[in-house]
Amino acid sequence: MADRPGRVRQLRLVVEADDFEAALRFYRDVLGMPESEAYSGPDGAEVVILDAGRATLELSNPAQVRFIDRVETDGGRSDHLRVALEVDDAASVADELVEAGADLEASARETPWRSVNARLRGPAGVQLTIFQELD
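Residues numbered from 1 in each chain as written. Predicted model: local features only at pLDDT ≥ 70, side-chain atom pairs only at ≥ 80, totals over all residues. Heavy atoms only, no water.

**Topic: the pairing of strand E5 (residues 115-121)**
Reasoning step 1: A large share of E5 lies buried, amounting to six of its seven residues.
Reasoning step 2: Both strand E4 (residues 103-110) and E5 contribute to a ladder of five bridges, which runs antiparallel. Looking at E5, one finds that Arg109 is bridged to Asn117.
Reasoning step 3: Linking E4 to E5, which pair antiparallel, is a turn of four residues; within it Arg114 sits at a positive phi near 60°.
Reasoning step 4: Note: E5 against strand E6 (residues 127-133), seven bridges, orientation antiparallel. Residue Val116 lies in a different strand from E6, and its bridge partner there is Gln132.
Reasoning step 5: The hairpin formed by E5 and E6 contains five residues between the paired strands, and Ala124 there has a positive phi angle of roughly 65°. (Buried < 20%, exposed > 50% of the residue type's maximum accessible area, 1.4 Å probe, protein only. Helix = DSSP H or I, 4+ residues; strand = E, 2+ residues; numbered from the N terminus. Pairing = 2+ DSSP bridges.)

Quick look at the structure:
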């Protein structure tokens, strides 16, 4: 199965942002996700597609989510959908995102799976895990 290519060519997460310009500034300009496409439609419709690098779909059962929450937070609870973004320095990026308006839900900390993870709430209500792989 590993050597057989899948049928899905791209994972795209679609987020409705009431304050579109603020969300765009945060994710594109502060977090540094380059714009790959943008379209305008009738009645002020706007969409910008940002490049987030490689995409994966992480499926976890409730016990794993509870375990992740114990490790990554000080008692916080994951949303049903949470966006995890890999960066080179999780603590620095988390600090920068907080300065840009994100709410810190849990400071950066090392996990048992050898990553440093921080939990934030970004524009458009998106729960973010900013993580750095240590190995």
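**Topic: the sheet that holds E5**
Reasoning step 1: With mixed pairing, the four strands of this open sheet are ordered in space as E3-E6-E5-E4. The open sheet terminates on both sides in strands that have one partner only, identified here as strand E3 (83-86) and E4. Strand-to-strand twist of the sheet, defined as the mean angle between neighbouring strand axes without regard to direction, takes the value 15°. (Axes fitted to C-alpha atoms, helices over the stretch in contact; angles between N-to-C directions.)

**Some points on the packing of aromatic side chains**
Reasoning step 1: Using the criterion set out here, one finds two aromatic pairs in the structure.
Reasoning step 2: An angle of 80° between the planes, with centres 4.9 Å apart, marks the rings of Phe26 and Tyr27 as edge-to-face. (Phe/Tyr/Trp six-rings, centres within 6.5 Å; stacked < 30°, edge-to-face > 60°.)

**Section: the nonpolar core**
Reasoning step 1: Within the largest apolar cluster, 19 residues are counted, with the highest numbers of intra-cluster contacts made by Tyr27, Leu31, Leu97, Leu120, Leu128 and Ile130.
Reasoning step 2: Secondary-structure elements contributing two or more residues to this core are helix H1 (20-30), E3, helix H3 (90-99), E5 and E6.
Reasoning step 3: The greatest single-element share of this core, amounting to four residues, is contributed by H3.
Reasoning step 4: With residues near it in sequence (within four places) discarded, Leu128 still touches Phe26, Tyr27, Val83, Leu85, Ala118, Arg119, Leu120 and Gly122. (Core = buried A, V, L, I, M, F, W, Y, C linked by side-chain atoms within 4.5 Å. Contact = heavy atoms within 4.5 Å.)

**Quick look at the pattern of salt bridges**
Reasoning step 1: Counted under the stated rule, the structure contains twelve salt bridges.
Reasoning step 2: One salt bridge in this structure joins Glu37 and Arg12, with 3.9 Å as the shortest N-O distance. Highlighted residues: Glu37 in strand E1 (residues 35-40) and Arg12 in the segment before H1, separated in sequence by 25 residues.
Reasoning step 3: For Glu37, a relative accessible area of 30% gives the class partly exposed. (Salt bridge = Lys/Arg side-chain N within 4 Å of Asp/Glu carboxyl O.)

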